[in-house]
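# A closer look at the structure
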Amino acid sequence: MNAEQQGLLDRITLTPSVLGGRPSIRGMRFLVSDVLELLSTGMAEADILEQHPVLEKDDIKAALLYASLKTKNTIIIHAA
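Here is what the cut-offs are and how they apply
Residues numbered from 1 in each chain as written. Predicted model: local features only at pLDDT ≥ 70, side-chain atom pairs only at ≥ 80, totals over all residues. Heavy atoms only, no water. Helix = DSSP H or I, 4+ residues; strand = E, 2+ residues; numbered from the N terminus. Buried < 20%, exposed > 50% of the residue type's maximum accessible area, 1.4 Å probe, protein only. Contact = heavy atoms within 4.5 Å. Areas by Shrake-Rupley, 256 points an atom, 1.4 Å probe, with all protein chains shown as cover. Lys, Arg positive; Asp, Glu negative; His and termini not counted. Charge placed at Lys NZ, Arg CZ, Asp CG, Glu CD. Polar contact = N/O pair within 3.5 Å; in protein donor to acceptor, adjacent residues only side chain to side chain. Core = buried A, V, L, I, M, F, W, Y, C linked by side-chain atoms within 4.5 Å. Axes fitted to C-alpha atoms, helices over the stretch in contact; angles between N-to-C directions. Parallel < 35°, antiparallel > 145°, perpendicular 65-115°, else oblique. Expected span 1.5 Å × (residues − 1).

## Details of the overall build of the chain
Across its full length, the chain holds four helices and two strands. Going residue by residue from the N terminus, the α and β elements of the chain occur as α-β-β-α-α-α. Based on the C-alpha atoms only, the size of the chain along its principal axes is roughly 45 × 30 × 30 Å. Counting the 80 residues in the chain, one finds 30% classified as buried. Excluding contacts between residues fewer than 6 apart, the proportion of contacts in the chain whose partners are at least 24 apart in sequence is 43%. Surface accessibility of the chain: about 5400 Å² in total, with carbon and sulfur atoms responsible for 56%. Between the mean site of the 8 positive side-chain charges and the mean site of the 10 negative ones, the chain shows a separation of 7 Å.

## Brief notes about the side chain of Arg 11
Topologically, Arg 11 is positioned in the loop between helix H1 (3-9) and strand S1 (12-13). A polar atom in the side chain of Arg 11 sits 2.5 Å from the side chain of Asp 59. Not counting chain neighbours up to four residues away, the residues in contact with Arg 11 comprise Ser 24, Ile 25, Arg 26, Glu 56, Asp 58, Asp 59 and Ala 62.

## With respect to the nonpolar core
Grouped together as the largest cluster of nonpolar side chains are 15 residues, with contacts concentrated most on Ile 12, Ile 25, Phe 30, Val 32, Val 35 and Leu 55. Within the residue set of this core, elements represented by two or more residues are H1, helix H2 (32-40) and helix H4 (57-72). Looking at this core element by element, the count peaks at five residues for H4. Residues in contact with Ile 12, not counting those within four places in the same chain, are Pro 23, Ser 24, Ile 25, Val 32, Ala 62, Ala 63 and Tyr 66.

## Section: the packing of H2 against H4
Where H2 meets H4, the closest approach of the two axes is 9 Å, and the angle between their N-to-C directions is 100°. Considered as vectors, H2 and H4 are oriented roughly perpendicular to each other. On H4, the residues touching Val 32, Val 35, Leu 36 and Leu 39 of H2 are Ile 60, Ala 63, Leu 64, Tyr 66 and Ala 67.

## Examining H4
Helix length check: H4, at 16 residues, gives a terminal C-alpha distance of 23 Å against a target of 22 Å (1.5 Å per residue), a fit within 8%. The set of residues buried in H4 consists of Asp 59, Ile 60, Ala 62, Ala 63, Leu 65, Tyr 66 and Ala 67. Close packing links the buried residues of H4 with H1, S1, strand S2 (24-25), H2 and helix H3 (45-51).

This is the structure we're talking about:
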């Protein structure tokens, strides 16, 4: 992991007193999963930033990186 990626991950916080410790953006009440859900609906990054001014471009990049790293460590096997 390079320094830029580590800097992005520093934006992701897991604080037990905030949203039950779920991964959030910079300690705010904005979950990583919320950012991912907005992206999954096809919403453009610019639209997300416009509608949610507390977010920054690097917050979106951080959410994507966090999700990518989490999925690399998780294997889901579906029963046939």
